[in-house]
Amino acid sequence: MRKFISDFKKLVKLRLTLTVVFSASICFLMGSMMQHHINWFNWMILTVGGFLVTGAANGFNEIIEKDLDKLMRRTMDRPIPSGNMTTGQALVMSLIMGISGTYLLLQLNFPTGVLSVFSIFLYAFVYTPMKRRSPIAVFIGAFPGALPPLIGYFAAFHEPQISWVPVILFLIQFVWQFPHFWAIAWVLDDDYKRAGFRLLPTTKQDKTSAFITLLSTLILIPVSLMPTVYLMPSGQAFGGNIYGIVALVAGIYFFWQAVQLFLRQDVPSAKKLMYTSFFYLPLLQLTLLFDFIAK
C-alpha cells in the first residue's frame, strides 16, 4: 500500500498538483468575497475536483512521455518508466480522475467544468508533444497553467460572468510562468536535452535566453500591480496598498535575480531565480487575498 501511494504521488506530480489547487482555491475565496459570502462546501468540491483534474492531466502527460522519462535522471523513477505501474493502469487511473473531477466541477457551474476539460486537453495533448518541437511550448503551456485562477474564481459564482478581476488574476499567473519555466529549463538543461526537450527561448543557455527571461520578469512587475490600478464599477481597485507594496518589492527582487542570471549565465543563478519563482506567486496570491477589496 505504501508503495502504491508513493507511485500515485509521482503519477499525479503531487507538489505541482497541490500548487495548482492552492491557486484555484485562493481565487475561489476572492470570488466569494466579491459576493460577501463563502460557500465552504463548494470550496471543498473545487479542491477535490481540481486535484482530480490536475492529477489526470499529469497522468496523461506521463503516459505520453513514458519513453522520454526513462532518459532523464529526475523522471526515470516515475511509476511507468520504473516499471512499477503499467501504461494501462496509469490510463485507467487518469481517466477515472479526469471524469470524476470534471463531474464535480460541473456541479459548481458549466464554465468551471468546461475550463477544466480544456486545461486537461491543452496541457496533455498540445503542450506535452510540443516540448520536443519548439520553445513555443512554454507559451502554449502557460495557458493551461494560468487557468486555475480563472477556474477558481468562476467556481465561486452560481452564474459566472466575465469581468476584469479574474482576467487580471489569470494574466498575473500567465506572465509569471515564463521566468518560472525558463529558470527550471536552464537548471535542467542537460537532463532535458537527453529527452530532446526544447524549452529555453533559443534552446540554449545563452545570453539571449537570459535576456528574454529577464524581460519577462520586468513585464511581470506592471502586470502584478494591475489589481491596484484597475477600478471596479464601484470606483475602487480590488487590490489594496499592502498588496501593492508587496507586489512591487517582490517583483523587483524577482527581476534582480533575473539580472544576475543575465550577467552570469550559470546554473547557480538560474537556481536562485527558480526558487524565487516558487515563493513569488503564492506570496502575491495570499497577500492579495488578505488585502482584497470587494465591491
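Look above for the structure.
The text that follows walks through the structure, step by step, so that each part is easy to find.

Cut-offs applied
- Residues numbered from 1 in each chain as written.
- Predicted model: local features only at pLDDT ≥ 70, side-chain atom pairs only at ≥ 80, totals over all residues.
- Heavy atoms only, no water.
- Helix = DSSP H or I, 4+ residues; strand = E, 2+ residues; numbered from the N terminus.
- Buried < 20%, exposed > 50% of the residue type's maximum accessible area, 1.4 Å probe, protein only.
- Contact = heavy atoms within 4.5 Å.
- Lys, Arg positive; Asp, Glu negative; His and termini not counted.
- Charge placed at Lys NZ, Arg CZ, Asp CG, Glu CD.
- Core = buried A, V, L, I, M, F, W, Y, C linked by side-chain atoms within 4.5 Å.
- Patch = residues over 30% accessible without salt bridge, like charges linked within 9 Å, V, L, I, M, F, W, Y side chains within 5 Å.
- Areas by Shrake-Rupley, 256 points an atom, 1.4 Å probe, with all protein chains shown as cover.
- Salt bridge = Lys/Arg side-chain N within 4 Å of Asp/Glu carboxyl O.
- Axes fitted to C-alpha atoms, helices over the stretch in contact; angles between N-to-C directions.
- Parallel < 35°, antiparallel > 145°, perpendicular 65-115°, else oblique.
- Left-handed = near helix turned anticlockwise from the far one by under 90°.
- Phe/Tyr/Trp six-rings, centres within 6.5 Å; stacked < 30°, edge-to-face > 60°.
- Lys NZ or Arg CZ within 6 Å of the ring centre and 35° of its normal.

**Regarding the overall build of the protein chain**
A tally of helices and strands in the protein chain yields 12 helices and 0 strands. Reading the secondary structure of the protein chain in the N-to-C direction produces α-α-α-α-α-α-α-α-α-α-α-α. With the principal axes as the frame, the protein chain shows a C-alpha extent of 55 × 50 × 30 Å. In the protein chain, buried positions account for 53% of the 295 residues. Pairs at least 24 residues apart make up 74% of the contacts formed inside the protein chain by residues separated by at least 6 positions. Of the side-chain charges in the protein chain, 23 are positive and 13 negative, and the distance between the mean point of each set is 3 Å.

**Examining the nonpolar core**
Counting residues in hydrophobic clusters, the biggest one holds 89 residues, and the most contacted among them are L46 and Y153. The contact partners of Y153, leaving out residues within four places of it in the chain, are C27, F28, M30, G31, M34, S163, V165, P166 and L169.

**Here we look at a nonpolar patch on the surface**
Nonpolar side chains collect at one region of the surface, where F211, I212, L215, L218 and I219 lie side by side and expose about 400 Å² of accessible area between them. Overall, L215 belongs to the partly exposed group, its relative accessible area being 38%.

**What about the packing of helix α2 (residues 14–34) against helix α12 (residues 267–290)?**
Helix packing geometry: the angle between the two helix axes and the distance between the axes. Relative to each other, α2 and α12 sit at 20°, their axes nearing to 10 Å. The orientation of α2 with respect to α12, classified from their angle, is roughly parallel. Two packed elements cross with a definite hand, and for α2 against α12 that hand is left-handed. Residues F22, S23, I26, L29, M30 and M33 of α2 touch α12, and the partners they reach there are P282, Q285, L286, L288 and L289.

**Observations regarding the pattern of salt bridges**
The full count for this structure, using the stated rule, is 7 salt bridges. In this structure, R78 and D69 form a salt bridge, with 3.3 Å as the shortest nitrogen-oxygen distance. Taking relative accessible area as the criterion, D69 reaches 0% and is therefore assigned buried. Salt bridges sharing common partners tie together E62, D69 and R78.

**Observations regarding the packing of aromatic side chains**
Under the counting rule described, the total for this entry stands at 21 aromatic pairs. Taken together, the ring pairs connect F139, F143, F170, F174, F178 and W182 into an aromatic cluster. The ring centre of F197 lies 4.4 Å from the NZ or CZ of K131, which sits over that ring.

**A word on the environment of A156**
Examined against the element boundaries, A156 turns out to sit in the loop between α7 (136–155) and α8 (164–187). Excluding residues within four positions of it along the chain, A156 makes contact with F28, G31, S32 and Q35.

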